[in-house]
Amino acid sequence: MAARNALLKYLRINVNPVLRPQNPRATAGGLSQLIRRHFSEEAKGSFLDKSEVTDRVLCVVKNFQKVDPSKVTLNAHFQNDLGLDSLDSVEIVMALEEEFGFEIPDNEADKINSINLAVDFIASHPQAK
């Protein structure tokens, strides 16, 4: 420490000794809280609002050629309520990918069989635009 102070004094830089806390966990906890807070605020701002996602998903489904727009509701199931087959469901998921600007993995796309599920998945995805 003395050598460091002498070197820094020679370089004409003011040196203030660093006070080390008695409990090192106190500093680490504060640092982790700061990092956690920073990342949570950053992530918070990167998700789309659920009402916006709902409106956009409903619009995409209503504009799909094989869908009767009057049957489209938030609780509509692609096959049971809208009369779509599995290929049509895949095409809707592809249209949603295009609308929101990100790729939905195949294993997740297979699970999306209603408007509610599509809204929930997209609203919880950080890459959705």
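No experiment lies behind these values; they were computed from the predicted model shown.

On inspection of all chains with the given rule, the structure shows five salt bridges. The salt bridge partner of Asp 120 is Lys 50, with a shortest N-O separation of 2.7 Å. In this pair, Asp 120 is assigned in helix 6 (residues 115-123) and Lys 50 in helix 3 (residues 50-62), connecting sequence segments 70 residues apart. A residue is classified by how much of its surface remains accessible, and Lys 50, at 44% relative accessible area, is partly exposed.

Another aspect to go through is the environment of Leu 82. As for its placement among the helices and strands, Leu 82 is situated in the loop between helix 3 and helix 4 (86-100). Using a relative accessible area of 7% as the deciding quantity, one classes Leu 82 as buried. For the pair Leu 82 and Asp 68, spaced 14 residues apart in sequence, the C-alpha separation works out to 7.3 Å. Apart from residues lying up to four places away in sequence, Leu 82 is in contact with Val 61, Lys 66, Val 67, Lys 71, Val 72, Ala 76 and His 77.

In the predicted model, the protein chain carries a mean pLDDT of 77, and 67% of its residues have values of at least 70. In the model of the protein chain, helix 2 (residues 24-44) stands out as the element of lowest mean pLDDT, 51, in contrast to helix 6, which has the highest, 90. Note that pLDDT drops below 50 for residues 40-44; the model gives that stretch zero contacts with residues more than four away or on any other chain.

Here the focus is the packing of helix 3 against helix 6. Contact geometry of helix 3 with helix 6 gives a least axis separation of 9 Å together with a crossing angle of 135°. Regarding the angle of helix 3 to helix 6, the classification is oblique. For the crossing formed where helix 3 meets helix 6, the hand is right-handed. Note on element contacts: helix 6 touches helix 3 through Ile 115, Ala 118, Val 119, Asp 120, Ile 122 and Ala 123, opposite Lys 50, Val 53, Thr 54, Val 57, Leu 58 and Val 61. A breakdown of the residues in the contact of helix 3 with helix 6 according to their chemical character gives nine nonpolar, one polar and two charged.

This paragraph deals with the packing of aromatic side chains. Scanning all chains against the criterion turns up one aromatic pair. Between the aromatic rings of Phe 102 and Phe 121, the centroid separation amounts to 6.3 Å while the plane-to-plane angle is 25°, which identifies the pairing as stacked. Of the two residues, Phe 102 is situated in the loop between helix 4 and helix 5 (106-109) and Phe 121 in helix 6; the sequence distance between them amounts to 19 residues. Grouping residues by exposure puts Phe 102 and Phe 121 together as buried.

Rules used throughout
Residues numbered from 1 in each chain as written. Predicted model: local features only at pLDDT ≥ 70, side-chain atom pairs only at ≥ 80, totals over all residues. Heavy atoms only, no water. Salt bridge = Lys/Arg side-chain N within 4 Å of Asp/Glu carboxyl O. Helix = DSSP H or I, 4+ residues; strand = E, 2+ residues; numbered from the N terminus. Buried < 20%, exposed > 50% of the residue type's maximum accessible area, 1.4 Å probe, protein only. Contact = heavy atoms within 4.5 Å. pLDDT = per-residue confidence, 0-100. Axes fitted to C-alpha atoms, helices over the stretch in contact; angles between N-to-C directions. Parallel < 35°, antiparallel > 145°, perpendicular 65-115°, else oblique. Left-handed = near helix turned anticlockwise from the far one by under 90°. Nonpolar A, V, L, I, M, F, W, Y, C, P; charged D, E, K, R; others polar. Phe/Tyr/Trp six-rings, centres within 6.5 Å; stacked < 30°, edge-to-face > 60°.

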